[in-house]
Amino acid sequence: MPGSITCTPVFATESSRLIAPVFSDREHVRLRLDSDLHRSARAKPAVVPARPALTPSSHYEIFRREYTIGCLSMTRYRLRAFDRTDRRSSPRQLAITGITTMSINVSVGKAEQDRALWLSTIAFTVCFAVWTIFAIIGLRIKSELGLSDFEFGVLVGTPILTGSLSRLVLGVWADQRGGRFVMFVSMLMGAAATFLLTFAYDYPTFLLAALGIGVAGGSFPAGVTYVSKFFPPEKQGTALGIFGAGNVGAAVTKLLAPMVMVAYGWEAVAQIWALALVVLAFVFYAFTKDDPDLIRRRAEGCQAEPLSAMLVPLRNLQVWRFSLYYFFVFGGFVALALWLPHYYVEVYGLDIVTAGALAAAYSIPGSIFRIVGGRYADTHGARKVMYWALIGSVACTFVLSYPATRYVVQGVDGPIAFSLALGFVPFTVIAFALGFFMSLGKAAIYKHIPHYYPDRVGVVGGVVGLIGGLGGFVIPIAFGIMNDLLGVWTSCFMLLFVISAVSLTWMHFAIRAMDKKAHPELDRPQYLPELEALRAELETLRKASDAAPARRPVGRSAAPAPAE
């Protein structure tokens, strides 16, 4: 392997400032190297034998030898200590030691970045398509097994639930073993469970297969960990936005699976989807390489950190605040994608085919707009984009939550009756606008995570994804409960309005608290600055008058002293 070696004397004097020996009666001397070398040595000073003991008059020499072999750079610092009691005598070597530091220079080219990004996005698209497969084939399974609506809901929601719960485990594993390997394994496990689905014969076995299919949806934090390592912070928002657009896999299933199921049966859908996932898993693993951070850790011999250390960021309230945001923007997005066909049929009287096409049309742009959100997060800042997302969502859900109402106003010539309700076209436009704002929020949240937790992207991203996935499982159930309790079709949007308003309020006050902590002057009164300046000037005059000595009144003489 090609390499180069250089040797340079970097220090030689009798009065060392870079090396400060600590003399003691013990048979060792602790050498503290300069700050750069001290950090490279991981803050562990070298301990070397002293034969005989060094004296303050000793002469020191340091040589630095640099090795470059491929992407591996090593630096060998070598110390020699001499004692010269008489200038005419030859120096006597007292001690010799050395410290080797090592650094890895892993360069990533544009081609490698693009390959990692686009292959990861395609792989995640297929994973998402498999994750939502029961939205189509579950209808045929329901009729074959004679399932109730509750049993059907559990069957459809089981992959969503297990995929969400597995995201934390897979996220931790991705931080330890690398996102590329974890994503490859999760794809193979999801493909095996999908293929074994065709051998299920009763409701419990279908639920068991659904548990395994959920692992395909759990690959998201592994992909986020992998992709984020290839891009600098100023480009991570766009890259993760493109990767997150793999949510469009749900629309792929809704568009293609019905045609395959009608022509060949639901078993063919499961087998074709499983085969596609296996092929993409091997293509992904063959044409990508490990992320630069994992390569560096392997070359340096760094061991994976224990689970307790990986979970330390979960103590931060900020992580759970991000999770609430994602519970709304991702969980609410998935819930609406599942709920909208039912809503269109019941409220506007559309047929199931048209309602399903509108739901698919809602999912596709809502996923692609995530790329726009990532781009905006890079150019305008993730915090500003998050404000846009939540403010827009609050406005949209407020309008959508207003139920159809009939008013009667007492007019001059008698009562005047009129109704206020959203028509089909305005509802569709505002619902699509809501999906757009949710997509901006999804991209902004995952732009925050590598910024605040660059070494814990898998863990933090796994927890945030877990809570968001739980939203996709819990919120549709809450929609049904709200309908039963209130008897109003727009109650689903009332729930989303409350969640988005709480998220916006919490985010605003948390950001204000952080700004005041970083800039204490913001905590001072900001209203009527002229009055505050006048108050400060009066306070200065008051202090000056208190400090001045008391003056004798003008025109009066002091009273004569009493005679004795």
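Residues numbered from 1 in each chain as written. Predicted model: local features only at pLDDT ≥ 70, side-chain atom pairs only at ≥ 80, totals over all residues. Heavy atoms only, no water.

What about the overall build of the protein?
Quick note on the threshold: By the criteria applied, helices consist of DSSP H or I runs no shorter than four residues and strands consist of E runs no shorter than two, each listed in order from the N terminus. Partly exposed describes any residue whose relative accessible area lies between the buried limit of under 20% and the exposed limit of over 50%, with all areas from a 1.4 Å probe on protein chains only and scaled to the type maximum. Note on definitions: a residue-residue contact is assigned when non-hydrogen atoms from the two residues lie within 4.5 Å.
For the protein, the helix and strand inventory stands at 19 helices and eight strands. Across the 564 residues in the protein, those meeting the buried criterion constitute 44%. The contacts in the protein between residues at least 6 apart in sequence include a share of 75% that link residues at least 24 apart.

Concerning the confidence of the model for the protein
Filter applied, for reference: Scored between 0 and 100, pLDDT is the confidence that the predictor attaches to each residue.
This prediction gives the protein a mean pLDDT of 75; 73% of its residues lie at or above 70. This stretch, residues 1–58, has a pLDDT under 50; its non-local contacts, to residues over four places away or in other chains, come to 104 contacts. Throughout residues 86–102 the model reports pLDDT below 50, and contacts reaching past four residues in sequence, or to other chains, amount to 54 contacts.

Observations concerning the environment of T490
Stated formally: The term polar contact refers here to a pair of N or O atoms within 3.5 Å; inside protein, the definition further demands a hydrogen-donor-capable atom paired with an acceptor-capable atom, and it admits residues adjacent in sequence only when both atoms are side-chain atoms.
Counting through the fold element by element, T490 comes out in the loop between α17 (457–486) and α18 (491–518). Distance from T490 to F479, taken between C-alpha atoms, is 9.4 Å for residues eleven residues apart in sequence. In this structure, T490 is in contact with Y343, L400, S401, Y402 and P403, ignoring residues within four places of it in sequence. A polar contact is formed between the side chain of T490 and the backbone oxygen of S401, at a distance of 3.1 Å.

Section: the pattern of salt bridges
Using the following cut-off: When a carboxyl oxygen of Asp or Glu lies within 4 Å of a side-chain nitrogen of Lys or Arg, that pair is called a salt bridge.
All told, the structure shown has five salt bridges when counted by the stated rule. In this structure, the salt-bridge partner of K447 is D378, at a minimum N-O distance of 2.9 Å. On the criterion of sequence distance, the pair formed by K447 in helix α16 (residues 424–452) and D378 in helix α14 (residues 352–380) is long-range, its members being 69 residues apart. As far as the burial class goes, K447 and D378 line up, both buried. A salt bridge links E539 to R542; the shortest N-O distance between them is 2.5 Å. Separated by three residues within a single helix, E539 and R542 lie in helix α19 (residues 529–547), roughly one turn from each other. A relative accessible area of 35% means that E539 is categorised as partly exposed. The exposure class assigned to R542 is partly exposed, which follows from its relative accessible area of 41%.

Considering the packing of aromatic side chains
The following threshold applies: Two rings belonging to Phe, Tyr or Trp (six-membered ring only in the last case) form a pair when the distance between their centres is within 6.5 Å. Interplanar angles under 30 degrees mark stacking, angles over 60 mark edge-to-face geometry, and anything in between is tilted.
One pass over the structure, following the stated rule, counts 32 aromatic pairs. The interplanar angle of 75° and the centroid separation of 5.9 Å between the aromatic rings of Y226 and F284 together place this pair among those described as edge-to-face. Residue Y226 is found in helix α7 (residues 220–228), and its partner F284 is found in helix α10 (residues 266–287); the two are separated by 58 residues along the sequence. F284 matches Y226 in its accessibility class, with the two residues each being buried. Where Y348 meets F424, the ring centres are 5.9 Å apart and the plane angle is 70°; that geometry is what we call edge-to-face. Here Y348, found in helix α13 (residues 317–348), pairs with F424, found in helix α16; they are 76 residues apart in sequence, far enough to count as distant. With a relative accessible area of 33%, F424 lands in the partly exposed category.

Observations regarding the nonpolar core
For the record, the criterion: Among buried residues, the Ala, Val, Leu, Ile, Met, Phe, Trp, Tyr and Cys ones that are joined through side-chain atoms within 4.5 Å form a nonpolar core.
The biggest cluster of nonpolar side chains holds 118 residues, and the ones touching the most others in it are F134, I137, L197, I445 and Y446. In contact with L197, other than residues within four places in its own chain, are F134, I137, F206, A209, I213, W266 and A270.

Overview of a nonpolar patch on the surface
To be explicit about the condition: Each patch is built from salt-bridge-free residues with over 30% relative accessible area, joining like charges within 9 Å and nonpolar side chains (Val, Leu, Ile, Met, Phe, Trp, Tyr) within 5 Å. Only the protein chains shown count as cover for residues, and all accessible areas are computed by the Shrake-Rupley method using a 1.4 Å probe.
Residues V252, L255, L256 and M259 make up a contiguous nonpolar surface patch of roughly 340 Å² in combined accessible area. Tracing the backbone shows M259 in helix α9 (residues 249–264).

Brief notes about the packing of helix α5 (residues 179–196) against helix α6 (residues 203–217)
Condition: With axes taken as lines fitted to C-alpha atoms, and helix axes fitted only over the stretch in contact, angles between N-to-C directions fall between 0 and 180 degrees. In these notes the angle categories are as follows: under 35 degrees is roughly parallel, over 145 is roughly antiparallel, 65 to 115 is roughly perpendicular, and the rest is oblique. Helix crossings fall into two classes, left-handed where the near helix is turned counterclockwise from the far one by less than a right angle and right-handed where it is turned clockwise. Charged residues are taken to be Asp, Glu, Lys and Arg, nonpolar residues to be Ala, Val, Leu, Ile, Met, Phe, Trp, Tyr, Cys and Pro, and polar residues to be all remaining types, Gly included.
Running from amino to carboxyl end, α5 crosses α6 at an angle of 150°, the nearest separation of the two axes being 7 Å. Judged by the inter-axis angle, α5 sits roughly antiparallel to α6. Seen from above, α5 lies across α6 with left-handed handedness. For the pair α5 and α6, contact is made by S186, M189, G190, A193 and T194 and by A209, G212, I213, V215 and A216, respectively. A breakdown of the residues in the contact of α5 with α6 according to their chemical character gives six nonpolar, four polar and no charged.

Re the pairing of strand β8 (residues 414–420)
The line we're drawing: A strand pair is defined by DSSP finding two or more bridges across the two strands.
Strand direction decides the pairing type here: strand β7 (residues 405–411) and β8, joined by seven bridges, are antiparallel. The residue of β8 that forms the bridge with R406 is S419. Two successive antiparallel strands, β7 and β8, enclose a turn made up of two residues.

Observations regarding the environment of A510
Mapped onto the secondary structure, A510 falls in helix α18. Measuring from C-alpha to C-alpha, the distance between A510 and Q318 comes to 8.7 Å, with 192 residues separating the pair along the chain.

Some points on the side chain of S166
Turning to its location among the elements, S166 is positioned in helix α4 (residues 149–177). Its relative accessible area of 15% is what places S166 among the buried residues.

Structural notes on α9
Quick note on the threshold: Any helix carries an expected span of 1.5 Å times its number of residues minus one. The reported bend at a residue is simply the angle between two axes, fitted to the 7 residues ending at it and to the 7 residues beginning with it.
For α9, which comprises 16 residues, the first-to-last C-alpha distance of 21 Å matches the rise-based estimate of 22 Å (1.5 Å per residue) to within 8%. L256 marks the point of greatest bend in α9, at about 35°, and the proline P258 comes within the next four residues. Those residues of α9 that fall on the buried side of the exposure criterion are G249, A250, A251, T253, K254, A257, V260 and M261. G265 lies just past α9 and shows a positive phi near 100°.

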